[in-house]
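As a plain string of letters, each chain reads:
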Amino acid sequence: DSPAKRLLAQELRVLDKIARLGLSSVGCPASNGHGPMFTDLSSRDESFDRFLSTFNRLVPHARIDLDGSRSAFRWRGQFAATSGFSWWDVESEIDWTCRLSHRKERLGLVLPSSGTVSGRVRDRTVAIDHNYALALSVPEVSSIAYAGRGRHAHVTLEFEVATVRK
């Protein structure tokens, strides 16, 4: 088993634990406090501005910078959130960088399935591919770049500290 497969199995156990905890979405900015939020978006049906709007609801402490033009590239994004937890599964043909500015303590887990992910953590660069996962304390990260030769994909989980402690 590769490290990524072991981490995915661990991720599934964490998701099962979250489901058993019965987390509510009260106070969840992404769901506006009206229950868990799930959105499935694709460049076939939606504008990239809709993607950015959804991403910014989940990750208000981040800004996406594209490494190319917005025109004519395919992408797909699935987003979910509840109080204390958010998840997104993104695939794109264009490289991009997510710049983080929020200092609230959160735990992040990035699992690339294709392409590479490189993070700027405590003034050091860490790069991984689909064989690894990146676990991080969000306030220690200034940016995360996603790249691939025409395609990259990843799943990211972000937890509030109180959720992890449960």
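For the structure, see preceding data.
This report concerns the structure included in the present document.

Parameters at a glance
- Residues numbered from 1 in each chain as written.
- Predicted model: local features only at pLDDT ≥ 70, side-chain atom pairs only at ≥ 80, totals over all residues.
- Heavy atoms only, no water.
- Pairing = 2+ DSSP bridges.
- Helix = DSSP H or I, 4+ residues; strand = E, 2+ residues; numbered from the N terminus.
- Axes fitted to C-alpha atoms, helices over the stretch in contact; angles between N-to-C directions.
- Contact = heavy atoms within 4.5 Å.
- Phe/Tyr/Trp six-rings, centres within 6.5 Å; stacked < 30°, edge-to-face > 60°.
- Buried < 20%, exposed > 50% of the residue type's maximum accessible area, 1.4 Å probe, protein only.

### Quick notes on the sheet that holds strand β1 (residues 37-42)
Pairing is antiparallel in the open sheet, where six strands are placed in the order β1-β3-β4-β11-β6-β9. The open sheet has two free edges, formed respectively by β1 and β9 (134-137), since each of these has just one partner strand. Going across the sheet, the axis of each strand differs from the next one's by a mean of 10°, ignoring polarity. Packing against the sheet, helix α2 (residues 48-58) makes contact with β1, β3 (75-82) and β4 (85-92), and its axis sits at approximately 25° to β3.

### Some points on the packing of aromatic side chains
Given two aromatic rings, one states the distance between the centres and the angle between the planes to describe the pair. All chains considered together, the criterion is met by eleven aromatic pairs. Ring centres of F51 and F55 lie 6.4 Å apart, and the angle between their planes is 5°; on these two criteria the pair is classed as stacked. Of this pair, F51 and F55 both sit in helix α2, four residues apart, which is roughly one turn of the helix. Taken as a pair, F51 and F55 share a single burial class, namely buried. When the ring of F51 is compared with that of F79, the centres are 5.5 Å apart and the planes differ by 65°; the resulting orientation is edge-to-face. Of this pair, F51 sits in helix α2 while F79 is found in strand β3, placing the two residues 28 residues apart along the sequence. Classification of F51 as buried rests on a relative accessible area of 2%. Aromatic ring contacts, followed pair by pair, group F48, F51, F55, W75, F79, W88, W96 and Y146 into a single cluster.

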